[in-house]
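Understanding the architecture of this molecule
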Amino acid sequence: MFIFRLSTILITTIRFGLDEIVARQFSSVLFARIWLALGFWRPLRKPRSVRLREALEYLGPIFVKFGQMLSTRRDILPHDIAIELSKLQDAVTPQPFNQIKKVIEDSYGLPLDQKFSSFEEQPLGSASVAQVHKAQLLDGTSAAVKVLRPNIHRAVERDIKLMDAFAWLIEKSLSNGPRLRPREIVAEFHRSLQEETNLLHEAANCNQLRRNFANHPRLVMPEVYWKHCTNLVMVMELLEGVPIDQIDDLQAANIDLERLAATGIEVFFTEVFRDSFFHADMHPGNLLVDAKQRFVLLDFGIVGSLSEFDKQYIGANFLAFFNRDYRKVAVMHVEAGWTPSDTSIPQFESAIRAVCEPIFARPLHEISFGRLLLQLFQVAQRFNLIVQPQLILLQKTLLSIEGIGRQLAPKLNLWESAKPLIETWAREQNSPRRLFDAARDGFPTMVSLLPELPQAARALIHEFKHHDIRRQQQIKQLRRRQNRLWLAIMILSVLLVGIAL
């Protein structure tokens, strides 16, 4: 089977003229030069980006999803290929119902009619790894049933092995192969697929997001019916509405489109800065609007999460952008470790300014913040930016939300909607209550480190005596931090004693 799949990929490569793309990448190799000189013995009338997209579609769902993920990596892909891959659609031909029925019955160990009083054979939607059917539980409750495609796990593992082999070849053969980190990209894709092909993960994501927005007046997500869920089948509340991209139908239903757009922006930034947990697949197919003018959010297979460190730096970067403080942006990228520590701050600042100033010269409602971040990534490539996967997901989701918002309200001013939310978050981060809570939570860890302080101090003195001035400056900074740690411990101790009294 593996050899057959490899043969299919190689034949597809030649059929769609992808060998021309490969040969140009290896043009320094004699065989590739000969291959190029032969003119490929057949006409290649379509652009390379179109041929690549069509080849991925031909190879099937796993390669389509890989192309979708690659389309977000504009920091490493040529512009024309990234744009074309973004056109890949996740809608695929549904599996025959008898196969879907078998997956359900094998998963439950019961006949279908012992779990559902009715089950519609025609799916509501069909995607790369699963499809959704309308059904009714035995107690009469209407439900949406998501079922993984048959043999999807075997297909994933088979294609991932092939992708990893090709990634290894690219990494070893191209001069900039190590910088592109192709095997890491494949590994990241594999992790994502493993989560998407375990519907208990998706059900948990849905539950978490639903709990985070339990009292939101303009956002609703389906309730998960846990006793009917397995890793192959997810059963949830059936929610219906008008797809977000059907503008004429929304207007006919007297939906307030501007308020809807503002709600989308508010929900996204709340997910990021309040919860550090966001829906990372917010395309029109996953967003409906119900009769109560609420967003209906579906499909929770892809989510993003941020550490407190990431959130602090992303928030500070956003505010620096809003205030056009390019030096702060450059400094924070170095401090966060996203660019090497020896990066020239003045040069990086100048490069950022050259990208941002022409953009800020335009009216605010015309500025795309998602595209601004994308251009920043491209500039930072020259300074060896270490791309963070969570930032790629964040930027991809921001582009989607921004696109949907502008479709609903063409004059949408993302800056005006987002800046107050981020500024409020920043004030809360530095509030006395927040600082006290952080100190209280970290107090046990700080106390456990106290016995190590004398040894650490001796090590610092040793470093001070035996290393250069630059290292001495670093040691001074560490000492200042150590002093602040002692001060924090003393203040916290006083506060805790006061609370105890």
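Conventions used here
- Residues numbered from 1 in each chain as written.
- Predicted model: local features only at pLDDT ≥ 70, side-chain atom pairs only at ≥ 80, totals over all residues.
- Heavy atoms only, no water.
- Helix = DSSP H or I, 4+ residues; strand = E, 2+ residues; numbered from the N terminus.
- Contact = heavy atoms within 4.5 Å.
- Areas by Shrake-Rupley, 256 points an atom, 1.4 Å probe, with all protein chains shown as cover.
- Buried < 20%, exposed > 50% of the residue type's maximum accessible area, 1.4 Å probe, protein only.
- Pairing = 2+ DSSP bridges.
- Axes fitted to C-alpha atoms, helices over the stretch in contact; angles between N-to-C directions.
- Salt bridge = Lys/Arg side-chain N within 4 Å of Asp/Glu carboxyl O.
- Parallel < 35°, antiparallel > 145°, perpendicular 65-115°, else oblique.
- Left-handed = near helix turned anticlockwise from the far one by under 90°.
- Nonpolar A, V, L, I, M, F, W, Y, C, P; charged D, E, K, R; others polar.
- Expected span 1.5 Å × (residues − 1).
- Arc of directions from axis to C-beta.

The secondary structure content of the chain amounts to 22 helices and 11 strands. The long-range share in the chain, meaning contacts at least 24 apart out of those at least 6 apart in sequence, stands at 66%. Accessible surface, the chain: about 26200 Å² in total, of which carbon and sulfur atoms supply 56%.

This part is about the environment of Q347. Mapped onto the fold, Q347 is located in helix α16 (residues 345–360). For Q347, a relative accessible area of 53% gives the class exposed.

Read from one edge to the other, the open sheet built from 4 strands follows the order β5-β10-β9-β7, with strand pairing classed as mixed. Across the chains shown, the open sheet's two edge strands, defined by having one partner strand only, are β5 (219–220) and β7 (242–243). Across 2 bridges, β7 lies against strand β9 (residues 287–289) in antiparallel orientation. Within β9, the residue paired with P243 across the bridge is L288. The strands touched by helix α13 (residues 257–275) are β5, β9 and β10 (295–297); relative to β10, the strand with the most contacts, the crossing angle is about 45°.

Turning our attention to the pattern of salt bridges. The tally for this structure, following the rule as stated, stands at 17 salt bridges. Here D299 and K146 are joined by a salt bridge, their closest N and O atoms 3.2 Å apart. Taken together, the residues D299 in the loop between β10 and β11 (303–305) and K146 in strand β4 (residues 142–148) connect sequence positions 153 residues apart. Under the relative-accessibility criterion, D299 is labelled partly exposed at 25%.

Look at helix α15 (residues 326–335) against α16: their axes get within 8 Å of each other, and the N-to-C directions meet at 130°. One finds that α15 runs oblique with respect to α16. The two elements α15 and α16 meet at a crossing, and its hand is right-handed. Across the interface between the two elements, Y326, R327, V329, A330, V331, H333 and V334 from α15 touch I345, F348, E349, I352, R353, C356, E357 and F360 from α16. Class assignment for the residues of the contact of α15 with α16 results in 10 nonpolar, 1 polar and 4 charged.

Let's shift gears to the packing of helix α5 (residues 61–71) against helix α10 (residues 182–196). Helices that pack against each other are described as a pair by the angle of their axes relative to one another and the distance between those axes. Contact geometry for α5 and α10: axes closest at 11 Å, N-to-C directions at 120°. Here α10 runs oblique to α5, going by the angle between their axes. Here the hand of the crossing between α5 and α10 comes out right-handed. Touching I62, K65, F66, M69 and L70 of α5 are I185, V186, F189, L193 and E196, all from α10. For the contact of α5 with α10, a count of residues per class yields 8 nonpolar, no polar and 2 charged.

So, about helix α7 (residues 97–108). An α-helix turns once every 3.6 residues. As a result, residues three or four positions apart point the same way. With 12 residues, α7 ought to run about 16 Å at 1.5 Å a step, and its terminal C-alpha atoms sit 17 Å apart, in line with that. Among the residues of α7, F97, I100, V103, I104 and Y108 are the ones counted as buried. Down the axis of α7, the buried set is contained in an arc of 120°. They therefore lie on one face. Within α7, the exposed residues directed more than 90 degrees away from the buried face are N98, K102 and D106. Packing partners of the buried residues in α7 comprise β1 (116–119), β3 (130–137), β4 and β6 (233–237). Following α7 by one or two positions, G109 has its phi on the positive side, about 70°.

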